[in-house]
Amino acid sequence: MKILVAVKRVIDHAIRIRVKPDGTGVETANLRMSMNPFDRHAVEAAVRLAEAGQADEIVAVSIGPKAATDVLLTALAMGAHRGLLLETDAKLETLAVAKLLRHVADEEKPDLILLGKQAVDDDSNHVGQMLAGLLGWPQATFASAIELADGQATVTREVDFGRQTLRMSLPAIVTADLRLNEPRNVGLPMVMKAKSKPLATRAVAGLGIDITPRLVVETVTPPRERAQGRVVATPAEFAQAIAAEIGKMEPR
Amino acid sequence: MAVLVLADADLGRLTPATARIVAGAAELGPVDLLVDAAAAEEARSLAGVHRVLAAALPATADALAQLLAVLAEPYTHIVAAANASGRDVIPRLAALLDIQPVTDITAILGPTRFERPIYAGNATETVSDGQAKHVLSLRASAFAATVGENSAVVSNISPEVASATEVIAEVRTQSERPELSTAQIVVSGGIPLGDRFALVEDLAGKLGAAVGATRALVDAGHAPNDLQVGQTGKIVAPDLYVGLGISGALQHLAGIQGAKAIFAINTDAEAPLMKIADVALVADLFEAVPAVIAELDRLGIKR
Ligand SMILES: Cc1cc2nc3c(=O)[nH]c(=O)nc-3n(C[C@H](O)[C@H](O)[C@H](O)COP(=O)(O)OP(=O)(O)OC[C@H]3O[C@@H](n4cnc5c(N)ncnc54)[C@H](O)[C@@H]3O)c2cc1C
């Protein structure tokens, strides 16, 4: 039983980003970068399955610049066995990422692929579903529980009306939501030690996969500023302000 | 231009999101609405719908994406709601069609130009999509529902698609309250509520409002997951958002940026939600909320 887990390097989730004045993107210089939080839950899930004797090998894969080695080391420190960086400095759309991951899946032949449900930079929430579509595998997105038994995965998902549990045969794709588990923290010493684990790098350019962007980003703009508010002194004034607001509402 | 919209429905009823995404999609061209047969009658009465395609829709994303891919041929745009169901199926469909999707759209600037938020709503991207087909999801909260009467033609179709996935259990949150992502008023509670979430429901009940919660309160097991508002939960855009004991972390604010008015009660005047609130009350919510309800009663407010 082999698990492939995909991890992305993003601007740390605690940082409030700033839009560049020229509207070409967001400022990224000198910001703390880390593993996308959802991917940490995916790695944790993989490691727990291995610890429970349900998986023998966890391969962590990341696609991005050389610096993305960082997040692979974090995954290795958390318990992944081997790392693979598909190196590129190009800005990739999600379809390109899914195609690159399909290439890795074709080579590695995992039984289960785990990913975070979305990345906190572009907030797309695409790649797991796209990869499942490209491979023709079943998918369970937004997972809050995963069980494996008899070549099947039973996954509880967080959905619009509450929770839903799906069963599917392996190989399958599962994307992690935040309540899937509590990811372990790995300190710097563990990350240093993880450097002894195998970590391969391959150039995206040599893989023969078309990663040309399909969309043109015309501009990136900051959200509109909200008007200055006021502080009221008593619950009664607060209630009166609610009443005034309701008075202004149009029926919908 | 021809648009195929996947209706958002649950238990044989359209959700309020459907009329909103139909309104958005109608800006792109005549709308065919794909809907589960059980909701076909309701669907044909929606203004803005050109034709209803009624089918026994598969319950899981793999088969639904396959079905949409089969139907996709004559359409320039394929549209679903940017909620958990739409997010499950749209990217998969896009991959089957070899199309890069554009999702969580908050504004349609033209048939091939869209706005979508990134970085938890701290930036907005304007993208132009020159592909042969456009596979899109719309945030229902960003579009006003269609109004008016209609009796669109219904075409029954019997798709043959297979799923490799079986639904074995569902847990539904039972609530008297309106649907959160399209509600006109939302009252949400943060971690200090603990096991007293009923206080949020009391105020919401008075205002005819939907209830919401922060991730912290959901994680602590005091509110169901489908009430989480934020970057990774539901996106709301009510006329009035009332936050009780909520700090206003950037991931929470991501879910309420479309709110017209934000009101907040917090013991900490410096909490980020208090800083952006239109009306802020520095108080212990356990004392303030019952007093707010009493004053609303005195004013005769009841929705
Ligand atoms: C990847 C990621 C995704 C996330 N997604 C989401 C999301 O979708 N939605 C979301 O909500 N969060 C999300 N979070 C979590 C978010 O960062 C915050 O941790 C969370 O929103 C905080 O919830 P809170 O406001 O209830 O708690 P706190 O931040 O602890 O704030 C509680 C507030 O209550 C006030 N308070 C305390 N007692 C009282 C009282 N008696 N009366 C009045 N006020 C009182 C305090 O002053 C404080 O301001 C996400 C985090 C990450 C890392």
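Here the structure is a predicted model, which is why all the values come from computation and not from measurement.

> Any details on the interface of chain B and chain A? Residues and values, ideally.
Listed by partner, the interface residues are 95 residues for chain B and 81 residues for chain A. When chain B packs against chain A, the two sides together hide about 7,200 Å² of surface, and 54% of this comes from carbon and sulfur. For the interface between chain B and chain A, the tally reads six salt bridges. The partner of Glu218 of chain A in a salt bridge is Arg113 of chain B, and the shortest N-O contact between them spans 2.7 Å. Linking chain B with chain A are 43 residue pairs in polar contact (both at pLDDT 80 or more), by the criterion used here.

> Go over the side chain of Ser155 of chain B, please, and point to the residues and values.
Residues and elements named next belong to chain B. Along the polypeptide, Ser155 turns up in strand β12 (residues 153-156). A distance of 3.4 Å separates a polar atom in the side chain of Ser155 from a polar atom in the side chain of Arg51. Beyond its immediate sequence surroundings of up to four residues, Ser155 is in contact with Arg51, Val52, Leu53 and Ala54.

> Give a detailed account of the site of the ligand, specifying residues and quantitative values.
Among the 30 residues in the neighbourhood of the ligand, the closest are listed as Ile191, Thr214, Val229, Ser247 and Asn266 of chain B. Gln231 of chain B places a main-chain nitrogen or oxygen 3.3 Å from an oxygen atom of the ligand. Take Gln251 of chain B: an N or O atom from its side chain is 2.8 Å from an oxygen atom of the ligand. Counting only elements with at least two residues in the shell around the ligand, the list comes to α1 (37-51) of chain A together with α6 (215-219), α7 (250-253) and α9 (285-298) of chain B. Grouping the constituent residues of the shell around the ligand by class yields 13 nonpolar, 14 polar and three charged.

> Could you give an account of the packing of aromatic side chains, naming the residues involved and the relevant values?
Per the counting criterion, the structure on display carries one aromatic pair over all chains. A ring pair is formed by Phe238 of chain A and Phe263 of chain B, whose centres lie 5.6 Å apart and whose planes are at 65°; its orientation type is edge-to-face. Within this pair, whereas Phe238 of chain A is found in helix α6 (residues 235-248), its partner Phe263 of chain B is found in strand β17 (residues 261-266), the two belonging to separate chains. The pair formed by Phe238 of chain A and Phe263 of chain B is uniform in burial state, with each residue classed as buried. The aromatic ring of Phe142 of chain A is capped on one face by Lys117 of chain A, whose charged end is 5.5 Å from the ring centroid. One cation-aromatic arrangement involves Arg172 of chain B over Phe161 of chain A; the distance from NZ or CZ to the ring centre is 3.9 Å.

> For the domain arrangement of chain B, give the residues involved together with the corresponding values.
All names here are of chain B. Along its sequence, chain B is organised into domain 1 (3-156) and domain 2 (180-298). Computed from C-alpha coordinates alone, the two centres of domain 1 and domain 2 are separated by 29 Å. Domain 1 puts 10 residues into the contact, and the matching count from domain 2 is 10 residues. In this assembly, domain 1 packs against domain 2 so that about 750 Å² is buried in total across both faces, 52% of it on carbon and sulfur atoms. Considering only the side of domain 1, the residues that lose the most area to domain 2 are Ala120, Arg139 and Ser141, jointly responsible for 57% of the buried surface there. At the junction of domain 1 and domain 2, the tally comes to two residue pairs in polar contact (both at pLDDT 80 or more). Residue composition of the side of domain 1 that touches domain 2, by class: four nonpolar, three polar and three charged.

Rules used in this analysis
Residues numbered from 1 in each chain as written. Chains lettered and ligands numbered in written order. Predicted model: local features only at pLDDT ≥ 70, side-chain atom pairs only at ≥ 80, totals over all residues. Heavy atoms only, no water. Contact = heavy atoms within 4.5 Å. Buried area = accessible area lost by both parts, 1.4 Å probe. Salt bridge = Lys/Arg side-chain N within 4 Å of Asp/Glu carboxyl O. Polar contact = N/O pair within 3.5 Å; in protein donor to acceptor, adjacent residues only side chain to side chain. Helix = DSSP H or I, 4+ residues; strand = E, 2+ residues; numbered from the N terminus. Near = heavy atom within 4 Å. Nonpolar A, V, L, I, M, F, W, Y, C, P; charged D, E, K, R; others polar. Phe/Tyr/Trp six-rings, centres within 6.5 Å; stacked < 30°, edge-to-face > 60°. Buried < 20%, exposed > 50% of the residue type's maximum accessible area, 1.4 Å probe, protein only. Lys NZ or Arg CZ within 6 Å of the ring centre and 35° of its normal. Domains from an automatic or database assignment.

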